Every structure is written in structure tokens, then in C-alpha cells.
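# Commentary on secondary and tertiary structure
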Amino acid sequence: LIVAPLAAAIIAFLAPRLAAGVAYINAVLMALAALGLLNAVADRPLTYALGDWGAPLGIDLYADSLTGVMVVATSLVILAVTFYARDYLARTGTGASFWPLTFFLHAALNGLFLSADVFNLYVTLELLSLSAVALVALGNETAAVAAALRYLLASLVASLAYLLGVAFLYHTYGVLDLSALADAASGGTTTWAALGLMTAGLAVKGALFPVHFWLPGAHSEAPTPVSALLSGLVVKAPFYVLLRLWLGPFHDAPQAVGDMLGLLGAAAIIWGSLQALRQQRLKMLVAYSTVAQIGYLFLLFPLTRAAGVLNAVTVFALAHALAKAAMFLAAGNILFCLGHDRIQELDRIAGRLPLTLAAFGIAGVCIMGLPPSGNFVAKWLLIEAAFESGAWGWAVVVIAGSLMSAAYVFRVVGHAFTPEHGFEGGVQITPSMDRVPFLISLLALLLGLIAAPLLEVIELPALAVGTAAVHAP
Amino acid sequence: MTWPQILPLFVLGSSLVPGLIIFALPERSRNLRSTLNISGAILKLVLVVWMIWKSGEGVHYEFRAALLPGLDLVLRSGALALFFCGLSALLWLVTTVYAVGYLEDSPHRSRFFGYFSICVTATVGAALAGNLMTFLVFYELLTLSTYPLVVHRETDEARRAGRVYLAYTLVGGALATVGTLWLYKVTGTLEFAAGGTVAPFIDSHADTLTIIFVILVIGIGVKAALVPLHGWLPRAMIAPAPVSALLHAVAVVKVGAFGLMRIVFSIYGIDVAIRQGLAQGLAIVAAITILYGSLRALTQSNLKRLLAYSTVSQLSFVALGISLGSSIAATGGIVHLVHQGLMKITLFFAAGILAHTLGVREIRDMKGAGCRMPWTMAAFTLCAFGMIGVPPFAGFVTKWYVGVGAVDAGASWVVWLLVASSFLNAMYFLPILYNAWFDAPPTNWPKERTFPGAETSLVLLLPTLFTAAAAIAVGLFASIPYSPLEWAQLVTERQYSP
């Protein structure tokens, strides 16, 4: 899973003309491999020691069903983006470096999800950020480069904070492996300092409110396929790392810290939705919607005592990845066809791009969390967890966020029902660009219908008990 | 999968599949679209009748698939479910025929009929839902599929109406979701069962269950247009006439009223609802709605808006009937689902014909309409009499049952309410009828189209006459076997028998 995209990256770098073909093969293979992995880890977690060295010395790979779902989400979104990007790149003339960078991104994501120690997580996180920044900069325009630079700086500071935290941990316990750390960690000033530093760093990278400032610019200025990758996948990676840390070394972190992360998440939901309502440009709206949706993920931390909350977040991550990718690709089509994406002037697109707009609408329904989408299942589980913990406030936030997302989605979809002015101009988009967003939005919508079997495969224990799974491998 | 398990899916599919195909059809393939639509509607009617027939022989239809761990998607044939399902299937067929004629030359017909079909799928799904979760899923689907129909005209006013509609119904849906989840947490089940499921918990969780009841009634009462949650309905009349007809007679408001029934009968159980004072609260809200809707209807100058306020008022007879705690009143409430549906759909059809053929939208333009289109106005008049509650029309049967039931339950104030409501209905309907029949027609109508040999297009007129005839028949022959009334009595017997 890691090696194949790396190899593909090198091929694509050396022989740019083969890149797209390699990309297809790679994406399909990866999707199959990812599903295979999910199937393999459904029953019990897997550990794989690179070069047979074993934990303290060598590098371990570790996969449980959480990993499986994240890898599947990655491969699905990348599959969709691959099929979308070829025509897009050909028509916009965006640089050929897209493919090798995407392969690096893919390798970094898979590596990150499979990592079993904190330093390895750092390395993959860094690789991820760098390839993501480079991809944003592909946008060529000044605005894109500026956004990329801002992203780079935020990301570097965050990395340093995280690395410092890793150093603290290593200094104190002499191990980096997650499960070993989980056994050894015992509170104390250094540990909590490490917790603070690492959490802060990851919050910046994961664009948690109020340190999300870099995200809307970067995500909206990037070329469309890149936006889909970033919003769908890349922001989830730091969250995943944080989740691993909370499952492992910091499993008995004070409740207050969890509550604070949850509060920030709630603030992100409200603030992101409000901003999305105020945006004049479609891609900015979608980007702010990402800020809001990330907030839902962070609601996990105050609710760790409730059973099922991890399931909720996992399903949410998968469903959001698909829906948001669909939304960005659809928004990209509109931008591409009209040459602008000012929401006020969207009236004429409905007749031109019915399928694209349908994709946006369906993805929007998913983001709102209406049945039968995967997001509905996730939000249902989340509210259930909130009820179970007796923490009403979180449930209210979830509902309020859903209603606000409905408001901003219908701001856009409402334009589908305006009189046409016989608009004939604009750039023709290709069938694959039209269909890909539609198909993944359908997938996100129907995810709710297969939720029951999916949850059985995932079957993640509650966090409080969940540490056992990390101890065990 | 055996046949009884899979049939409910076919019933849904008979409108969903044509709907999805229609989306993909180009605008010009008009014949294919109409064929698909009407054959889907006929197939659905046949399937529903088949299901009703077989259920009478004791066959039990149930489809079940896991939605979440511990929560299933259930479609089940019960007496109440089939009652509503039959009404929807019948009126969908009629409305489809009407809509094909009404929207002859207007743009976006593929989009319109696509959503139209999905809307009916959602209605029938809600009718067949075997637990609150399934009901909720279709309830939300209904919200989404009717929005494009409301804004179909694409004017600024239509889009405003659409926004208001969404604001009301999405908030309602969110509340209903919260209520459902909470209920699930308290009782551990969401299944619909005769006599309710909360009885074992009522002593230990009385306050919580009261709050949940209020949340659910608000969430679902939005669609049932209970005052003060009715604001969207008069605005939504901006939609094309077939949509208004469907919205008011079958789909949205009826699903709301049906949902209230499910909450009172199948979740809480009428005994619990009465003992906790929950049903009485609902009855008072319904009574206020009846009076308020009628009073507002008095002051309207637009015909469809008047009809919309009349719906607000009439629909609450359903809520009133089920919440009085007497089986006779409940029969009246349930049967009013059908009676109000048939009468209101006729009124809207007639209003649509006036707008389509003569360009008449305001009440003051209706002078002499009776001479120009006697058949249409005859249908309108008969159903207006029915609404007022003149015997022997359908509305009278409802009011009679609700009134007798109310006296039976010791709530004699309801009788005065019924008298007042009839009086108000007469106040707003009779002037219209007088003008239409006894004033001389104007020399030229606002925007007239002529149809050789008939007063209007037959595709529009025949469905109208059919529903009018049905509305009269259910009133005149209320007590023959298989009539809606007979059936409603069967439904209530099952709810009230221990």
C-alpha cells in the first residue's frame, strides 16, 4: 500500500507521458488492496514488522479496522479524483507534476494510517503536508501561491510543535511505539506538556477552530482535484494521529482537555457554518463547510466514555470524505464551465450542468445529514453517544450545525430553480468530469443503507475500553 | 425473500423507478414520460389493491432490513398503513393524469415529474413504515422531494416560498429526529404497535415522555400545519395546481396528520396519551387551529390561498378526532384523511382549471364562472358544501362522528366548535359560490383558452369530476362494506381493543 504509490510516483516523474495510465492502474489496485485490508482486519488487528526487526528497533506497521476504513476512504477518493483529473489537467494545462505529487500524497496517507509509532507518524505527516502544499501551489495564480505559502508556514510551525512533543515523550520513556507508550505513559508534567504540544500542532494541521485560518484559502485556491483531496482526506490525517494518541499514550488525559477540544469543535461547527453562509464564492463556501465538518470529528473527545462514539466518527470521516470530494469536484465543474464561481451569478448553470448540480445537491443532502446518507448514520450515533453521556449540549450543536449546513447548501441549490436566460457560452466539460462527482455523491448517499453491515465490520469498541485493542497486538 | 416480504418494496419501486428514469429523459419525449408515469401509477394502485385484498385474507406483508445495529428499516402492511396507502395510490393516479394535462407546454417537465414520483414514493413509504425510524427517513425524503415542486415556477415569490417551506420542515425534521432518538434511548424500541409501546415506562419516565411527546408533535405537526406551525402552507400554494392538490390532499400535510396518528396510537397508545393529558393538549391545539384557519380564510382574496387556509383548518379535524379519546371520534378523524383528501383535491383541481383555462386566480374574477364552466363549478360547489358539512356529503360524516364521539367522551365544547367551524366555512365559501353562479360572466376573461366542444381540456376535467364523484359517494354510501368509513372503524377497533 505504501510502496506501490511510491513506485508509481517515480515512474510518473521519469516518464510524464505514462503518468495518467499509471495513475489509473495504481488507483484501481489501491482500491482493491484497501478493501482487502479492511476485510483482513475486520476480525483482528494486524501488525507487520518491516524487515522483521520488531517494535523497539525496527519500524512496525499496524492496522486495525479504523485503519482499514481510513485507507478505504483514501483509495476511493483518490480513485474518483484520478478519473476526474485526467480531463481536468488536459483542459486547464495544470502542471504535469500533479501525478507524482498525488502519488506521494497517497503513499504518505497510507503510511500515516498504518504507522505504529509517533515518529513514523511525524515523518508521514511531514511528507503529507509537503506534497499537499506543493499541490496547492500548482494553482499557478498568485493567490494560490500565497495560500500555499501560508499553508506551508502554518504546517511547519505545527510540525515543530508536534516534533517537540515527540522528543519529550522519547526523552521520558525511551520508546516511540504507540502500544509501548500506552503501557509506559503515566502522567506527569512532561507527558502533559507533550500532550499539549502535540495536540496544538495537530489542531493547526487539522484546521480546528480557531487555527483554521489557512484552510479556506488553500482549499479554494487549489486546482479542483487537489481541493477534493485536501478537504476529503488530508485534513483527516492529523485528526487520525490525534485519535491514535488519545487511544494510546494519552488515554487517561484529563477530561478537561477533551472538553476543551470538544468546545473548539463545537465552535468550529458554528463559526464555519456562519462563514459558509456569508461567502460570495462557491469554493470558499465549500471550504468553510469543511471547517465546520471537522468540528464534528472533534466532538469525539469529550464523549470518549460513551460506547459507539468511535464508530460515529469513523463513519463520519468516510462519509464526509466522499461527500466533500463530490462537492468540490462539482464546484470545480461550475467554476470551470462559467469561468467564475460567484454564488450570486449561478442562475444559469442549472440548464448547462444538470448532472453536476445534482451531484452538488446530493452531496449537500449528505452534508446536512439527512437520511439515508452515511452522515445521517454518523450524526445519529453521535447524538446517541451524547445522550448516553448525558451531555445535551453536544447534541444541540450537532442539530444546529445540520440546520445551518442546510441553509448554506440551499443557498446554492436554490439557484437551480431560477429562470434560464438562454445561456450558451462557457467551456464544455467532459463526460467523465460530469459523472465522477455524481457517482461519488451517490456512494456517499447510499452509504447509510449499508451502514449496518459496515458497522459490523468496523465494530470499534468504546474508547475507554478501546485502549485494550492497542495494547494487544 | 418471499413474496410477502418483497411486495412492499415493489409498491415503493413502482413510483421510484419511473421517477428516476424520467429524470434522465430529454424534455421532448413527452409520450414516453406520460406512459411511464401513468403505468407506474396504475401498477402501484394494482399492487396496493392486491395487498389490501390479501391482507383481508390474513396475509401479512413485511419487509425488514437492518439500518443501524438494533434498528431496522421496516415496511409493514397494517390496517392503518393500507388505508393511507390506498388513498395515496388512488389520488396519485388521478393527479398524474391531471398534471400531464395541466403542464402541457411548460418547461422542466422531466424535473417536475421526476420529483413528483419521488414525492409519492416518500408518502407511500411513510404510510407503510413499521417503526418511527423508517417513518422519519421517508419524512425527510418527502421534504426534499417537494421543495423542487414548490419552487417549480422559478419566480422570486416561488423561491421565497420554497425557502420558508424548507426552514419550517427542516427544523421540524430535526426536532422529530431528536424526539425519535430520545424515545429510543428511553424505551429501547421504535416499533409501531397497536396500543403503543411506552406504557411500561410511563410510570418511571412520565416527565421525560411528556417532553418527548411535545417534541415529536411539534416536529411532525409542522407538516400537519398545526397553528402556529402552519406558516409555510399558504405560501406554498404558489406551486402549480397539481402540486397544491397533491400537497394538500395526499402528500405533505397528510403525512403530518398520519404521523400524529402514529404517535398517538402506535407509540404512546391512546390510553397513555389520555392519562398523561397529552392528547387533551393536542386536542386544544387542533381546536385553535380549526378556528384560526377558518378566520384567516375569510379575509383572503386569492382563491388558492383561501383553500390553503381552509386546509389548515380542515386538517385539524384529524388531529382533533384522534385526540379526544373516544373511538367514535377517532373513526371520524381517520376517515377524514380520505374525505378531506377527496374534497380538497377536487377544489384545487377546479381552482387549477380556472387558472389554466380562464386565467382566473383571484376570487373577485370568478363572477359568472358557473355559466362558463358548469361542470367544473358543479364539482367545486359540491365539495365546498362538503367542507361546510352539509349532509349528506362527506364532510358531514366526519363532523357527525367527531361530534358524537366528543359528547361520548364528555367534551361537549367540541360540538360548539363544530358549529362555529361550519358557520365560518359557510361564510367564506357561500359568497364565492353565489358570485360564480348568479353573477353575469364578464365579457372577457383575464386569459382565456378555448377547447372545442368542451368547457376545458378533458384531461383536466375528468379527474376533477372523478374525485368529486368519489367525494360524494363516500358521503352518501358511508356505511356500505369496504367504504372508507367501514375501514376506519376497523382501524379504530384494533387500536382500542386491548
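Residues numbered from 1 in each chain as written. Chains lettered and ligands numbered in written order. Predicted model: local features only at pLDDT ≥ 70, side-chain atom pairs only at ≥ 80, totals over all residues. Heavy atoms only, no water.

Here the focus is the environment of B:Ile288. When you line up the elements, B:Ile288 lands in helix 12 (residues 278-298). A sequence separation of 49 residues divides B:Ile288 from B:Leu337, and the C-alpha atoms of the two residues are 19 Å apart. (Helix = DSSP H or I, 4+ residues; strand = E, 2+ residues; numbered from the N terminus.)

Here the focus is the packing of aromatic side chains. Following the criterion strictly, the structure yields 30 aromatic pairs over all chains and no others. Measuring from centroid to centroid gives 5.9 Å for A:Tyr88 and A:Phe336, while their planes differ by 45°, and the two rings are tilted. A residue pair is termed long-range when its members are at least 10 positions apart, and A:Tyr88 in helix 3 (residues 65-92) and A:Phe336 in helix 14 (residues 309-338) qualify at 248 residues. The burial state of A:Tyr88 is the same as that of A:Phe336; both residues are buried. Members of the aromatic cluster, joined through ring pairs, are A:Phe239, A:Trp246, A:Phe298 and A:Phe301. B:Lys223 extends its terminal NZ or CZ atom over the ring of B:Tyr139, reaching a point 3.6 Å from the ring centre. (Phe/Tyr/Trp six-rings, centres within 6.5 Å; stacked < 30°, edge-to-face > 60°. Buried < 20%, exposed > 50% of the residue type's maximum accessible area, 1.4 Å probe, protein only. Lys NZ or Arg CZ within 6 Å of the ring centre and 35° of its normal.)

Put simply, an interface is often sized by how much accessible area is lost when its parts join up. Contacts between chain B and chain A engage 29 residues on the former and 27 residues on the latter. Between chain B and chain A, a total of about 2600 Å² is buried, with carbon and sulfur atoms accounting for 81% of that surface. Between chain B and chain A we count two salt bridges in total. The partner of A:Glu384 in a salt bridge is B:Lys185, and the shortest N-O contact between them spans 3.5 Å. On the surface where chain B and chain A come into contact, there are two residue pairs in polar contact (both at pLDDT 80 or more). Counting residues per element, the ones that place at least two in the side of chain B that touches chain A are strand 1 (62-68), helix 5 (132-150) and helix 6 (156-187) of chain B. Here the side of chain B that touches chain A takes twelve residues from helix 6 of chain B, the largest share from any one element. The class makeup of the residues in the side of chain B that touches chain A is 21 nonpolar, three polar and five charged. (Contact = heavy atoms within 4.5 Å. Buried area = accessible area lost by both parts, 1.4 Å probe. Salt bridge = Lys/Arg side-chain N within 4 Å of Asp/Glu carboxyl O. Polar contact = N/O pair within 3.5 Å; in protein donor to acceptor, adjacent residues only side chain to side chain. Nonpolar A, V, L, I, M, F, W, Y, C, P; charged D, E, K, R; others polar.)

Before going further, it helps to examine the nonpolar core. Within soluble globular proteins, side chains that are nonpolar generally end up buried alongside one another. Ranked by internal contacts, the top residues of the largest apolar core, which has 363 residues, are A:Tyr162, B:Phe135, B:Tyr268 and B:Phe429. If one sorts the elements of this core by residue count, helix 14 of chain A sits on top with 23 residues. Filtering out sequence-adjacent residues up to four positions away, A:Tyr162 remains in contact with A:Val118, A:Leu121, A:Tyr122, A:Leu197, A:Met198, A:Leu202, A:Val241 and A:Leu245. (Core = buried A, V, L, I, M, F, W, Y, C linked by side-chain atoms within 4.5 Å.)

Geometrically, the link from B:Val227 to B:Pro228 is a cis peptide bond, its omega value of 10° lying close to zero. For B:Pro228, the location among the structural elements is in the loop between helix 7 (206-221) and helix 8 (232-236). One non-glycine residue, A:Ala207, adopts positive backbone phi at about 60°. With respect to the helices, strands and loops of the structure, A:Ala207 is situated in the loop between helix 8 (189-205) and helix 9 (215-221). The class for A:Ala207 is buried, based on a relative accessible area of 0%. Its identity as a non-glycine residue notwithstanding, B:Ala225 has a phi of 60°, on the positive side. Along the chain, the position of B:Ala225 falls in the loop between helix 7 and helix 8.

Before going further, it helps to spend a moment on helix 2 (residues 30-56) of chain B. Residue and element names in this part refer to chain B. Taking 1.5 Å per residue, 27 residues should reach 39 Å; helix 2 reaches 39 Å between its end C-alpha atoms and fits that length. Within helix 2 the residues assigned to the buried category are Arg 33, Ser 34, Leu 36, Asn 37, Gly 40, Ala 41, Lys 44, Leu 45, Leu 47, Val 48 and Met 51. At its buried positions, helix 2 is contacted by helix 1 (3-24), helix 3 (79-102) and helix 4 (109-128). Once helix 2 ends, the next one or two residues include Gly 58, with phi positive near 95°. (Expected span 1.5 Å × (residues − 1).)

Turning our attention to helix 6 of chain B. Taking 1.5 Å of rise per residue, 32 residues should cover 46 Å, and helix 6 of chain B covers 46 Å from first to last C-alpha, within 8% of that figure. Where helix 6 of chain B ends, the next residue or the one after it, B:Gly188, has phi of about 75°, a positive value.

Here we come to a positive patch on the surface. On the surface, a cluster of positive charge is made up of B:Arg153, B:Arg361, B:Lys447 and B:Arg449. Counting through the fold element by element, B:Lys447 comes out in the loop between helix 18 (413-438) and helix 19 (458-476). (Patch = residues over 30% accessible without salt bridge, like charges linked within 9 Å, V, L, I, M, F, W, Y side chains within 5 Å. Areas by Shrake-Rupley, 256 points an atom, 1.4 Å probe, with all protein chains shown as cover. Lys, Arg positive; Asp, Glu negative; His and termini not counted. Charge placed at Lys NZ, Arg CZ, Asp CG, Glu CD.)

Residue and element names in this part refer to chain B. Axis separation between helix 17 (residues 394-408) and helix 18 bottoms out at 8 Å; the angle between their running directions is 155°. In terms of axis orientation, helix 17 runs roughly antiparallel to helix 18. Of helix 18, the residues touching helix 17 (which contributes Lys 399, Val 402, Gly 403, Ala 406 and Val 407) are Val 414, Val 415, Leu 418, Ser 421, Ser 422 and Asn 425. Each residue belonging to the contact of helix 17 with helix 18 can be placed in one class, and the counts come to six nonpolar, four polar and one charged. (Axes fitted to C-alpha atoms, helices over the stretch in contact; angles between N-to-C directions. Parallel < 35°, antiparallel > 145°, perpendicular 65-115°, else oblique.)

Next up on the list: the pattern of salt bridges. Applying the stated criterion across every chain, the model contains nine salt bridges over all chains. Its salt-bridge partner being B:Lys185, residue A:Glu388 comes within 3.3 Å of it at the nearest N-O pair. On the criterion of chain membership, the pair formed by A:Glu388 in helix 17 (residues 374-388) and B:Lys185 in helix 6 is interchain, its members lying in two chains. Of the residues examined, A:Glu388 reaches a relative accessible area of 43% and is grouped as partly exposed.

Glancing now at the packing of helix 3 of chain B against helix 9 (residues 241-249) of chain B. Residues and elements named next belong to chain B. Look at helix 3 against helix 9: their axes get within 9 Å of each other, and the N-to-C directions meet at 165°. Classified by the angle their axes make, helix 3 and helix 9 are roughly antiparallel. Here helix 3 and helix 9 pass one another in a crossing that is right-handed. Contacts between helix 3 and helix 9 involve Leu 91, Thr 95, Tyr 98, Ala 99 and Tyr 102 from the former and Ala 241, Pro 242, Leu 246 and Ala 249 from the latter. Broken down by class, the residue content of the contact of helix 3 with helix 9 amounts to eight nonpolar, one polar and no charged. (Left-handed = near helix turned anticlockwise from the far one by under 90°.)

Bear in mind that shape data such as this cannot, by itself, settle questions of function.
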